[in-house]
Amino acid sequence: MATDLILFDFDGTLADTLPFSFAAFKAVFKKYDGKDVSNDALISMFGPTEDDIIAMNFQNKAFVHQAIQEYYDLYGQGHSNMNEIDSIIALLELLKENNKQIAVITGKSRRGFDISSEALKISHYFDYVVTGNDVAKAKPDPEGVYKAMHFFGVKVENVVFLGDSNADIVAGKSAGVRTYAVQWLSTYQSTVYDRNPDAIFSNTAEFIALLEAEGSLR
């Protein structure tokens, strides 16, 4: 079956931004809430936007607004020495050359997404973006996946979803689309999944080979 619409998660899937996010969260939790948090603890909080993660998990509510502003400042600064991932750019270029629709389904806020996509200069590849600000229910709920499918008017069998987290896999499988786990960047969220992904890719070439085998690429 041909693939017409490719849905991607963002952090840990298209952009190697999780290290910046972890560092920024740790800094504000320590500074404003007096709390040391591990990467695993932060991953367990993921789902809501960055603003909501801080608001929901801070004990010192008086500093929530200030911590949110500083989080974005620190997160943005993390991109200063960041380079584009060549394999990701090559994949996105190949998909566009083959007239594929590309959408991002991310739990991060629109503000956070804009910081990263603009810093990496990749926003022009995306035909549609669903952020955490655009849904009532975050992944693993499939709302964002359904939203994208409705926007493009495509059949479920012509859609694939790729993500690095258990929540991505559950969301995609719940929506009935072919769903693939990726472990192709330096940092990704999950290696164990509540529902089995259709495949696990350790590099972009494996995904490209799948598209070629099903006749989705010229």
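Rules behind the numbers
Each chain has its residues counted from 1, running along the sequence as written. Only residues with pLDDT of at least 70 are given local features in this predicted model, and only at 80 or more are side-chain atom pairs given and counted; all residues enter the totals for whole chains, interfaces and linings. Working from all heavy atoms in the structure, the side-chain values ignore hydrogens and water. What we call a nonpolar core is a set of buried Ala, Val, Leu, Ile, Met, Phe, Trp, Tyr and Cys residues that are connected through their side-chain atoms within 4.5 Å. Whether a residue is buried, partly exposed or exposed follows from its accessible area with a 1.4 Å probe, protein chains only, as a fraction of its type maximum: under 20%, in between, or over 50%, in that order. Strands are runs of DSSP state E lasting at least two residues, helices are runs of H or I lasting at least four, and both sets are numbered from the N terminus onward. Residues are treated as being in contact if the distance between any of their heavy atoms lies within 4.5 Å. Every angle, taken between N-to-C directions, lies between 0 and 180 degrees, and every axis is a line fitted to C-alpha atoms, over only the stretch in contact when it is a helix. By convention the crossing between two helices is left-handed if the near helix lies anticlockwise of the far one by an angle smaller than a right angle, and right-handed if it lies clockwise. For this scheme, ten residues count as nonpolar: Ala, Val, Leu, Ile, Met, Phe, Trp, Tyr, Cys and Pro. Four count as charged, namely Asp, Glu, Lys and Arg, and the remainder, Gly too, count as polar. A carboxyl oxygen of Asp or Glu within 4 Å of a side-chain nitrogen of Lys or Arg is what we treat as a salt bridge. Any angle that is under 35 degrees is reported as roughly parallel, and any over 145 degrees as roughly antiparallel; angles of 65 to 115 degrees are reported as roughly perpendicular and all others as oblique. Paired strands, as defined in this entry, are two strands with at least two bridges between them according to DSSP.

A. Focus on the nonpolar core. If you look at the biggest cluster of nonpolar residues, it comprises 50 residues, and the most contacted ones within it are Phe8, Ile54, Phe126, Leu162, Trp184 and Phe207. The greatest single-element share of this core, amounting to 8 residues, is contributed by helix α1 (residues 18-33). Residues in contact with Trp184, not counting those within four places in the same chain, are Thr13, Ile88, Leu91, Leu162, Phe201, Ser202, Asn203, Thr204 and Phe207. Ala148, Met149, Phe152 and Ala171 belong to the second largest nonpolar core, which has 16 residues in total.

B. Examining the packing of α1 against helix α4 (residues 64-77) more closely. Where α1 meets α4, the axes come as close as 9 Å, and the angle between the chain directions of the two elements is 145°. When you trace α1 past α4, the crossing you get is right-handed. The residues of α4 that touch α1, namely those facing Phe20, Ser21, Ala24, Phe25, Ala27, Val28, Lys31 and Tyr32, are Gln66, Ala67, Glu70, Tyr71, Leu74 and Tyr75. Partitioning the contact of α1 with α4 into residue classes produces 10 nonpolar, 2 polar and 2 charged.

C. Structural context of the pattern of salt bridges. A complete count under the given rule lists 11 salt bridges for this structure. Between Glu214 and Arg178 there is a salt bridge whose closest N-O contact spans 3.0 Å. Here Glu214, found in the segment after α9 (204-213), pairs with Arg178, found in strand β5 (residues 178-182); they are 36 residues apart in sequence, far enough to count as distant. Each of Asp9, Lys139 and Asp168 takes part in one network of salt bridges that share partners.

D. Local environment of the packing of helix α5 (residues 86-97) against α9. Running from amino to carboxyl end, α5 crosses α9 at an angle of 20°, the nearest separation of the two axes being 10 Å. Judged on the interaxial angle alone, α9 and α5 are roughly parallel. The two elements α5 and α9 cross, and the hand of that crossing is left-handed. Counted together, Ser87, Ile88, Leu91, Leu94 and Leu95 of α5 and Thr204, Phe207, Ile208 and Leu211 of α9 form the full contact between these two elements. Taken together, the residues that form the contact of α5 with α9 break down as 7 nonpolar, 2 polar and no charged.

E. Seen up close, the sheet that holds β5. Read from one edge of the open sheet, 6 strands run β3-β2-β1-β4-β5-β6, paired in parallel fashion. Both edges of this open sheet fall to β3 (128-130) and β6 (199-201), since each of them pairs with a single strand only. Averaged over all pairs of adjacent strands, the angle between their axes in this sheet comes to 25°, without regard to strand direction. Across 4 bridges, strand β4 (residues 159-163) lies against β5 in parallel orientation. Opposite Val160, over in β5, you have Arg178 as the bridge partner.

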